[in-house]
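Below, each chain spelled out in residue letters.
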Amino acid sequence: MRHDHLISANQLTREDIEAVLDRAADIAENPAAFREQQAGSVLALCFFEPSTRTKMSFDTAMKRLGGDTTDMGSVESSSVKKGESLADTVRVIQGYADAIVLRHPSEGAAKMASEFADVPIVNAGDGAGQHPSQTLLDLFTIRENAGLDDLTIGIMGDLKYGRTVHSLASALTNFDARQHFISPESLRLPRSVRFDLHEEGAQVREHTDLDEVLSELDVLYVTRIQRERFPDENEYHKVAGEYQIDLDTLDAASDDLTVMHPLPRVDEIAPEIDETAYATYFEQAHNGVPVRMALLDSLLTHE
Amino acid sequence: MRHDHLISANQLTREDIEAVLDRAADIAENPAAFREQQAGSVLALCFFEPSTRTKMSFDTAMKRLGGDTTDMGSVESSSVKKGESLADTVRVIQGYADAIVLRHPSEGAAKMASEFADVPIVNAGDGAGQHPSQTLLDLFTIRENAGLDDLTIGIMGDLKYGRTVHSLASALTNFDARQHFISPESLRLPRSVRFDLHEEGAQVREHTDLDEVLSELDVLYVTRIQRERFPDENEYHKVAGEYQIDLDTLDAASDDLTVMHPLPRVDEIAPEIDETAYATYFEQAHNGVPVRMALLDSLLTHE
Amino acid sequence: MRHDHLISANQLTREDIEAVLDRAADIAENPAAFREQQAGSVLALCFFEPSTRTKMSFDTAMKRLGGDTTDMGSVESSSVKKGESLADTVRVIQGYADAIVLRHPSEGAAKMASEFADVPIVNAGDGAGQHPSQTLLDLFTIRENAGLDDLTIGIMGDLKYGRTVHSLASALTNFDARQHFISPESLRLPRSVRFDLHEEGAQVREHTDLDEVLSELDVLYVTRIQRERFPDENEYHKVAGEYQIDLDTLDAASDDLTVMHPLPRVDEIAPEIDETAYATYFEQAHNGVPVRMALLDSLLTHE
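Definitions and limits used
- Position numbers for residues count from 1 along each chain, tracking the sequence in the order it is written.
- The naming scheme follows written order: chains are lettered A onward, ligands numbered 1 onward.
- Where local features are concerned, this predicted model is filtered to residues with pLDDT of at least 70; where side-chain atom pairs are given and counted, the filter is 80 or more; whole-chain, interface and lining totals use all residues.
- Computation of side-chain values covers all heavy atoms of the structure but excludes hydrogens and water.
- Per the convention used, a helix needs a DSSP run of H or I reaching at least four residues, while a strand needs a run of E reaching at least two, with both numbered from the N terminus.
- Only C-alpha atoms enter the radius of gyration, while the globule expectation follows 2.2 Å times N to the 0.38, with N the number of residues.
- Under the scheme applied here, a residue whose accessible area is under 20% of the maximum for its type counts as buried, over 50% as exposed, and between as partly exposed, the area being computed with a 1.4 Å probe on protein chains only.
- Here, residues are in contact when the closest pair of their heavy atoms is within 4.5 Å.
- The Shrake-Rupley method, run with a 1.4 Å probe, gives the accessible areas here. Residue values count only the displayed protein chains as cover.
- Counted as positive: Lys and Arg. Counted as negative: Asp and Glu, with His and the chain ends omitted from the count.
- One atom stands in for each charge, and that atom is NZ of Lys, CZ of Arg, CG of Asp or CD of Glu.
- Once two parts are brought into contact, the accessible area they lose, counted with a 1.4 Å probe and summed over both, makes up the buried area.
- One speaks of a salt bridge when a side-chain nitrogen belonging to Lys or Arg is within 4 Å of a carboxyl oxygen belonging to Asp or Glu.
- Polar contacts, as counted here, are pairs of nitrogen or oxygen atoms within 3.5 Å of one another; within protein the pair requires one atom able to donate a hydrogen and one able to accept it, and residues that are adjacent in sequence qualify only if both atoms are side-chain atoms.
- Residues are grouped as follows: nonpolar covers Ala, Val, Leu, Ile, Met, Phe, Trp, Tyr, Cys and Pro; charged covers Asp, Glu, Lys and Arg; every other residue, Gly included, is treated as polar.
- Here the copies are superposed with least squares, the fitted atoms being C-alpha atoms of residues at a pLDDT of at least 70 in both.
- One fewer than the residue count of a helix, multiplied by 1.5 Å, yields its expected span.
- Our arc is simply the arc of the directions from the helix axis toward the C-beta atoms.
- UniProt positions are given in the numbering used here, feature names are shortened, and annotations may be inferred rather than shown by experiment.
- The split into domains, and so the bounds of each, comes from an automatic or database assignment of domains.
- At least two DSSP bridges between two strands are required for those strands to pair.
- In this analysis an axis means a line fitted to C-alpha atoms, helices contributing only their contacting stretch, and an angle means the value between N-to-C directions, from 0 to 180 degrees.

Q: How do you make sense of the overall build of chain A when you look at a structure like this?
A: In terms of helices and strands, chain A carries ten helices and nine strands. By the compact-globule yardstick of 19 Å for 303 residues, chain A fits well, its C-alpha radius of gyration being 19 Å. The dimensions of chain A, computed from C-alpha atoms along their principal axes, are 55 × 45 × 40 Å. Out of the 303 residues in chain A, the part that is buried amounts to 59%. In chain A, the proportion of contacts linking residues at least 24 apart, taken out of those at least 6 apart, comes to 71%. When the accessible surface of chain A is split by element, carbon and sulfur atoms take 43% of a total near 11,800 Å². With 27 positive and 54 negative side-chain charges, chain A shows a separation of 6 Å between the mean positions of the two kinds.

Q: When you look at the interface of chain C and chain A in this model, what are you seeing that I'm missing?
A: One frequent convention defines the size of an interface as the accessible area lost when the parts assemble. Contacts between the two partners involve 23 residues from chain C and, on the opposite side, 25 residues from chain A. With both chains or domains summed, chain C and chain A bury close to 2,100 Å², and 50% of this area falls on carbon and sulfur atoms. The largest share of the area that chain C buries against chain A comes from Met-56, Arg-64 and His-286 of chain C, three residues that together contribute 28% of it. Here chain C and chain A share six salt bridges between them. For Asp-88 of chain A, the salt bridge goes to Arg-265 of chain C, with nearest N and O atoms at 2.6 Å. At the junction of chain C with chain A, the criterion picks out eleven residue pairs in polar contact (both at pLDDT 80 or more). Those elements giving two or more residues to the side of chain C that touches chain A turn out to be helix 2 (53–64) and helix 9 (281–286) of chain C. The element best represented in the side of chain C that touches chain A is helix 2 of chain C, accounting for seven residues. Each residue belonging to the side of chain C that touches chain A can be placed in one class, and the counts come to eight nonpolar, five polar and ten charged.

Q: I'm lost on the interface of chain C and chain B in this one. Help?
A: On the chain B side, the residues contacting the 25 residues of chain C number 23 residues. Taken together, both faces of the contact between chain C and chain B bury some 2,100 Å²; the carbon and sulfur share is 50%. At the junction of chain C with chain B, the criterion picks out six salt bridges. Measuring nitrogen to oxygen at the nearest pair gives 2.9 Å for the salt bridge that ties Arg-64 of chain B to Asp-98 of chain C. The tally of links between chain C and chain B comes to eleven residue pairs in polar contact (both at pLDDT 80 or more). Where the side of chain C that touches chain B is concerned, the elements lending two or more residues are strand 1 (42–47), strand 2 (68–71) and helix 3 (86–93) of chain C.

Q: Got a minute to help me understand unusual backbone geometry in this structure?
A: The omega angle of the peptide bond from Leu-263 of chain A to Pro-264 of chain A is 0 degrees, so this bond is cis rather than trans. Relative to the helices and strands, Pro-264 of chain A resides in the loop between strand 9 (258–260) and helix 9 (281–286). A positive phi angle is found at Leu-263 of chain C, which is not glycine, with a value near 60 degrees. One can find Leu-263 of chain C in the loop between strand 9 (258–260) and helix 9. Judged by relative accessible area, which is 10%, Leu-263 of chain C ranks as buried.

Q: I'm lost on the relation of the copies chain C and chain A in this one. Help?
A: Two chain copies here: they are related by a rotation about an axis and a translation along the same axis. When chain C is fitted to chain A, the best match, at an RMSD of 0.0 Å, comes from turning it 120 degrees and sliding it 0.0 Å along the axis. In symmetry terms, the pair is related by a three-fold rotation axis. An overlap of only 4% is found between the interface residues of chain C and their copies at the interface of chain A, pointing to separate contact surfaces.

Q: Help me out: how do you make sense of helix 1 (residues 14–29) of chain A in this one?
A: It helps to recall that an α-helix has 3.6 residues per turn; residues three or four apart then point in one direction. Residues and elements named next belong to chain A. Between the first and last C-alpha of helix 1 there are 22 Å, a value that for 16 residues agrees with the 22 Å anticipated at 1.5 Å per step. Restricting attention to buried positions, one finds in helix 1 the residues Asp-16, Ile-17, Val-20, Leu-21, Ala-24 and Ile-27. All buried residues of helix 1 lie within an arc of 120 degrees about the axis, which places them on one face of the element. Of the exposed residues in helix 1, those oriented more than 90 degrees away from the buried face are Glu-15 and Glu-29.

Q: Honestly, the UniProt feature "binding site: L-aspartate" (unreviewed entry) in chain A in this entry has me stumped. Any pointers?
A: All names here are of chain A. UniProt annotation of "binding site: L-aspartate" (unreviewed entry) refers to Lys-82, Arg-163 and Arg-224 when read in the numbering used here. Across 143 residues of sequence, these annotated residues are also dispersed in space, with a maximum C-alpha separation of 35.5 Å. Note on placement: Lys-82 falls in the loop between strand 2 (68–71) and helix 3 (86–93). Looking at Lys-82, the relative accessible area reads 38%, which means it is partly exposed.

Q: It is not clear to me how the UniProt feature "binding site: carbamoyl phosphate" (unreviewed entry) in chain A should be interpreted in this structure. Could you clarify?
A: All names here are of chain A. As recorded in UniProt, the sites labelled "binding site: carbamoyl phosphate" (unreviewed entry) are Arg-53, Thr-54, Arg-103, His-131, Gln-134, Leu-263 and Pro-264. Along the polypeptide, Arg-53 turns up in helix 2 (residues 53–64). Topologically, Arg-103 is positioned in strand 3 (residues 99–104). Given a relative accessible area of 5%, Arg-103 falls into the buried group.

Q: Honestly, the domain arrangement of chain A in this entry has me stumped. Any pointers?
A: Residue and element names in this part refer to chain A. Per the domain assignment, the segments making up chain A are domain 1 (9–130 + 288–300) and domain 2 (133–285). Inter-centroid distance (C-alpha atoms) of domain 1 to domain 2 is 26 Å. Each side of the interface is counted separately: domain 1 has 26 residues, and domain 2 has 22 residues. Sorting the residues of domain 1 by area buried against domain 2 places Arg-14, Leu-21 and Arg-53 first, and these three jointly supply 29% of that buried surface. Summed over the shared surface of domain 1 and domain 2, the result is two salt bridges.

Q: Please clarify how the sheet that holds strand 6 (residues 177–182) of chain B should be interpreted in this entry.
A: Strand pairing within a sheet occurs via backbone hydrogen bonds; the two strands may be parallel or antiparallel. Residue and element names in this part refer to chain B. In spatial order, the strands read 7-6-5-8-9; together these five strands make up an open sheet with parallel pairing. One side of each edge strand has no neighbouring strand; the edge strands of this open sheet are strand 7 (203–207) and strand 9 (258–260). On average, adjacent strands in this sheet sit at an angle of 20 degrees to one another, irrespective of strand direction. Pairing of strand 5 (residues 151–156) with strand 6, which is carried by six bridges, proceeds in the parallel orientation. Looking at strand 6, one finds that Gly-154 is bridged to His-180.

Below you can see the structure in the form of structure tokens.
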């Protein structure tokens, strides 16, 4: 990968993606070989919004490369409270660290930050915008379990608001993938995203019912439907209930089906699935470490 | 020690305890020899409740072994707020780290977590339940200062609610110790704990007045009486005042008396005692580092 | 430098200052040579008040020396909430770490802490008191850009409440520096500080108008005027506006003028200055890392 910053999944070519995924596979196979890879480097963690798994997996990734991290802490305990602009915060912190991972509630924040930084910026979520390292770990998990070519994937749940879904759908246009989108009418993929996928020549179909397509799928990617999206509690429960899966639901699925979820889940996937061979969502979360190791290593290594 | 997890002091035999304490003594004597012992390992710190000394001493212990830590942060800044179950949180984090230290407000949380984790879980407090690494550092401090055999110990203060006290009393049944419990009637050792001690053949006596037994003691272990336990403020002050110690109180004590306290203290021990040879509570806190180094090292080393 | 603790800029002689600044210059020139300098050491970060840049730059400094840090976390998540005294907190933590960086809202806190600690205490701000490591990085920045001898410096803004300003003015009396203080009448340097400077034989003049002196300055050190200091919003805006600088303001300045600011800024310095050769405030913040590396290294190394 030859990029200074990772702001959006859209900036990645198939070659970029495969380079990171190949390196992640090397790391996963032999982590000890990378234990001193970034010794002496410091990564700044700047999370303007709460995070557990993204922050901890970047933190762990950097440490497993032999590097270290410095954490800005919560907004409540930082200079942001004193009225400092994001641009100034970034300009200061980029002088301390060798790279910055940034999560911010405003769409475009990471792009803006990259204009003020001499060190690599990794976008770890900018509002409803992008979260490209999540996309890379999703792709890694798909490749390991089902392969990225000749792939039939179903993406289900909240397709309207989920930045994870938009990034993944876009990245999959680099591969030979048939994408099925399954959601209630009110949470369909936004028109702009559908338009972009069409422009890229993606093979896309939309459904309101998982049964229409379940038996064909290699991968079922489930996302959380958030209560806050529905003005009416009853409406939420009716809709959400139709997009939850349990063992009965999966009766019609292929034995090789890979079930993914970006987590945290609430009740989209019944716990009884956790112990089956379908369940790949914890493995998917764990893949965050080698994939982020590969990403950081490629951004920090100036060949 | 041959355990996968450390959930309760009750699981430890005399041999287990002595193995950890011996290793801690080696570490305390020559810390530099252990400086690379866990290089490349990462410990996750998952504190669902506030903590200073337990968290910092585990953090320091891991770093002094050459390893590193990754901190879940406060509950407010984590996925727990999004409704994730403890089981899911543990299943994700155990894929990042080589071991997990867990503090949680619910009794039994660490036991439950250990069922979902392939890496060692260390219980750092589960509600009114257990806090076994505190017990190990208490035992280490007693052994260094008074010896664990032919020991006469007084345990004073809030004996009803203190998980520290219950774990220590139970662990001491592995040794030749006479245990005196000193408390107001309303904060006596719970019936179930007394029953268990009796079953173990412990040598136990109860008192409401320290003077009855002070002169016999090798160790006096003081705990904090919490205001919240008393509906009436006056009642609290009357009772608490009787279980505070100062230099006058210790007139009747042996010159070799070791005074301990799990800290933080409020006013159970007068500051004038701090500079005397009795005062062992800061040394006790400091012992948290070598004891937790020994514990982590033994859980992380697969011989 | 031969000190056990760094509590106040006043304790530093010219020789002390130059020793730290020389070491910082060595580090800035060849950081890789210091990468293992403090391997195995642990620094405790005890911030009883919010901080971004001070905390992150100490954290980064220690890690770039090959050492590690352990963070007390926020007051809300610590034993302080349980009523523990600062003295007890310090006595415990000094047993975990090899040095402590302390920020506390009470003036004199660091001094008091140093009386209870066997390890070095670095004062990172004690209320309206001192913040000596800020002074060291300010001096380093001045030395690199304008030289510390035959220096003409203007210090502008809130001169009444700013601990940064008082420490810097005091430290500059060790050098051949002419100090001009520019502020509204209501935010003049306190009488006691003026008296001390006079006693030291400092070359001091006061102004209410930057134009009186701008053309003579080698360095202009701008500080933030805080809204909270003014009972009346209009009064604040009128006063603050007169002590903001932009490109027009600097028309009368020397081309070699160095503009500094301790940050965070709000609107004291117009963004249009950021890209000019005057702007030295981000470099100044970045200097926090090598200067704090030099400071920690000198406190931790027992020659």
